[in-house]
Protein chains: 2
Amino acid sequence: MTGKKAAETRRTSIGAQRNPASQDAILQAAEEILVEGGLGSFSIEAVARRAHAGKPTIYRWWPTRTILLLDVYHRQKFVDIAPDTGAIETDIFQLLSDLLEFWNTGHGGAVFRSVIAEAQTDPAASKALAAYMAERYQQGGEIFRRAKARNEVADWVVPELAMEIITSFVWKRLLTDRLEIAPEQLRLVVRHLVHGLKAQ
Amino acid sequence: MTGKKAAETRRTSIGAQRNPASQDAILQAAEEILVEGGLGSFSIEAVARRAHAGKPTIYRWWPTRTILLLDVYHRQKFVDIAPDTGAIETDIFQLLSDLLEFWNTGHGGAVFRSVIAEAQTDPAASKALAAYMAERYQQGGEIFRRAKARNEVADWVVPELAMEIITSFVWKRLLTDRLEIAPEQLRLVVRHLVHGLKAQ
DNA sequence: ATATAACGAAACGAGCCGTTTCGTTCAAGT
DNA sequence: ACTTGAACGAAACGGCTCGTTTCGTTATAT
């Protein structure tokens, strides 16, 4: 009868300090809810239930739903934003391919979609997303800085802007649920981006 | 005293038929709420209050919040997706410029952002958005079909895919709240897209 | 040894959800 | 001319989630 309770080993306070076990359980439950049910199912209440945590515990450390969402997001492993294959076209192919795979196979896609959606409603999420993207463009621009040093790309190319352009396409695919792109198809996309649309 | 009521001219039934005045008031209130408060403030309850309409009236004609949102969206005036200036580069500049202005100055931006955000949660919105985008790519692809006839763009360019690529950039700007792009800056973006990133 | 803070559970009032009931207005059918 | 029936706005419903408060318990920090 009471053995059930013992097996479930209820978490409790470990004194006047934060309990890492609760923290982990909450973040993991939050991620699972996002992956399984999307942002629509994501609420403090739902996370508390799933994590067997008290709502006050969550509100103490994550004052808003958005902050909890962003914490889940920042705990993810991210792909290498600036692969170095030696050629600009294969660099871009590698980057987009890695992004698509990360979003498609892991939990990254569902979480990132949710962050973008949240940013359409919550200014705090919008601000955090903007800061994160600026940093990523800066890092990823390295691809183009290297290529310019090799005289492989035109000198008027702005690394950060080029980065934004090439990632825009996969963003749109993420948001419209069309992440599954065959390698030949992706190569064609990269060809459009690298060689431009105009006849030579 | 009672003159106040008379001035507010309460709407009522016009018999066993839909009341266009109520329909208009509801759709207008819905749009205003989206523009002023975003998707977070958008609820049937809020729309009913603002439109001085009964909730059953709304639920009768728009069974879900998503359907009402999509109706607001479809009532918008849309920009010409396939301008014909005679050259591919100016066509694209015109198109992106029109889109940015439409989103930035009117109500279109707030409404479209909301549709995209809703699509991250509601499959019905996702489906509707996908269908709409496919249609727009088809229409807008005309830019590239014309340019190919002029031998202005490479023959391996896929009109619908090229359309998706060039609109992806402004999508991302819309979703990250950076719609204000100076003409020179936009011209630079178009240059990246049209001439590609690689040195000739 | 005492004060302090975190923990999970439970319950709170407030507000929104989608539905139902009500009295009304008026077109459509007889 | 009369009846039927549908649409209208208002109000109230039960059910749910929200963010907060209260409670008894646990264990660190002083």
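These numbers come from a predicted model, not from an experiment.

**Quick notes on the confidence of the model for chain A**
The predicted coordinates of low-pLDDT regions are not to be read in fine detail. Scored by pLDDT, chain A has a mean of 94; 96% of the residues are at 70 or more. Low pLDDT (under 50) marks residues 1–7 of chain A, which in the prediction has zero contacts with non-local residues, meaning those over four places away or in another chain.

**With respect to the protein's contact with DNA strand C**
A:Thr57, A:Trp61, B:Ser43, B:Glu45 and B:Tyr59 are the nearest of the 28 residues found near DNA strand C. Atoms of DNA strand C within 4 Å of the protein belong to the sugar or the phosphate in 73% of instances, the rest to bases. Side-chain polar atom of A:Ser22 to a phosphate oxygen of DNA strand C: 2.9 Å apart, as the coordinates give it. Side-chain polar atom of B:Tyr59 to a phosphate oxygen of DNA strand C: 2.2 Å apart, as the coordinates give it. Contributing elements (two or more residues each) for the surface near DNA strand C: helix H4 (55–61) of chain A together with helix H4 (55–61) of chain B. Looking at side-chain class alone, the surface near DNA strand C contains eight nonpolar, 14 polar and six charged residues.

**A short note on the interface of chain A and chain B**
Opposite the 50 residues of chain A that make contact, chain B presents 51 residues. When chain A packs against chain B, close to 4,400 Å² is buried across both sides, 63% of that on carbon and sulfur atoms. It is A:Trp156, A:Lys172 and A:Leu197 that lose the most area in chain A upon contact with chain B, and together they represent 19% of the buried surface on that side. The tally of links between chain A and chain B comes to four salt bridges. Across the chain A-chain B interface, the total number found is 24 residue pairs in polar contact (both at pLDDT 80 or more). The set of elements that each furnish at least two residues to the side of chain A that touches chain B consists of helix H6 (88–105), helix H7 (108–119), helix H8 (123–140), helix H10 (159–175) and helix H11 (183–195) of chain A. A per-element tally of the side of chain A that touches chain B places H10(A) first, with 12 residues. When grouped by side-chain class, the residues that make up the side of chain A that touches chain B number 27 nonpolar, 13 polar and 10 charged.

**Things to note about the packing of helix H2 (residues 20–37) of chain B against helix H7 (residues 108–119) of chain B**
Residue and element names in this part refer to chain B. Where H2 meets H7, the axes come as close as 9 Å, and the angle between the chain directions of the two elements is 90 degrees. Considered as vectors, H2 and H7 are oriented roughly perpendicular to each other. Along the contact surface, H2 presents Glu31, Leu34 and Val35, while H7 presents Ala110, Val111 and Ser114. Considering only residue class, the contact of H2 with H7 consists of four nonpolar, one polar and one charged.

**Quick notes on the relation of the copies chain A and chain B**
Rotating chain A by 179 degrees and translating it 0.1 Å along the rotation axis places it on chain B, where the RMSD comes to 0.1 Å. Taken together, the turn and the small shift mark the pair as related by a two-fold rotation axis. Using C-alpha coordinates, one finds that chain A approaches the rotation axis most closely at A:Gly196, a distance of 1.7 Å.

Conventions used here
- Residues numbered from 1 in each chain as written.
- Chains lettered and ligands numbered in written order.
- Predicted model: local features only at pLDDT ≥ 70, side-chain atom pairs only at ≥ 80, totals over all residues.
- Heavy atoms only, no water.
- pLDDT = per-residue confidence, 0-100.
- Contact = heavy atoms within 4.5 Å.
- Near = heavy atom within 4 Å.
- Polar contact = N/O pair within 3.5 Å; in protein donor to acceptor, adjacent residues only side chain to side chain.
- Helix = DSSP H or I, 4+ residues; strand = E, 2+ residues; numbered from the N terminus.
- Nonpolar A, V, L, I, M, F, W, Y, C, P; charged D, E, K, R; others polar.
- Buried area = accessible area lost by both parts, 1.4 Å probe.
- Salt bridge = Lys/Arg side-chain N within 4 Å of Asp/Glu carboxyl O.
- Axes fitted to C-alpha atoms, helices over the stretch in contact; angles between N-to-C directions.
- Parallel < 35°, antiparallel > 145°, perpendicular 65-115°, else oblique.
- Least-squares fit on C-alpha atoms with pLDDT ≥ 70 in both.

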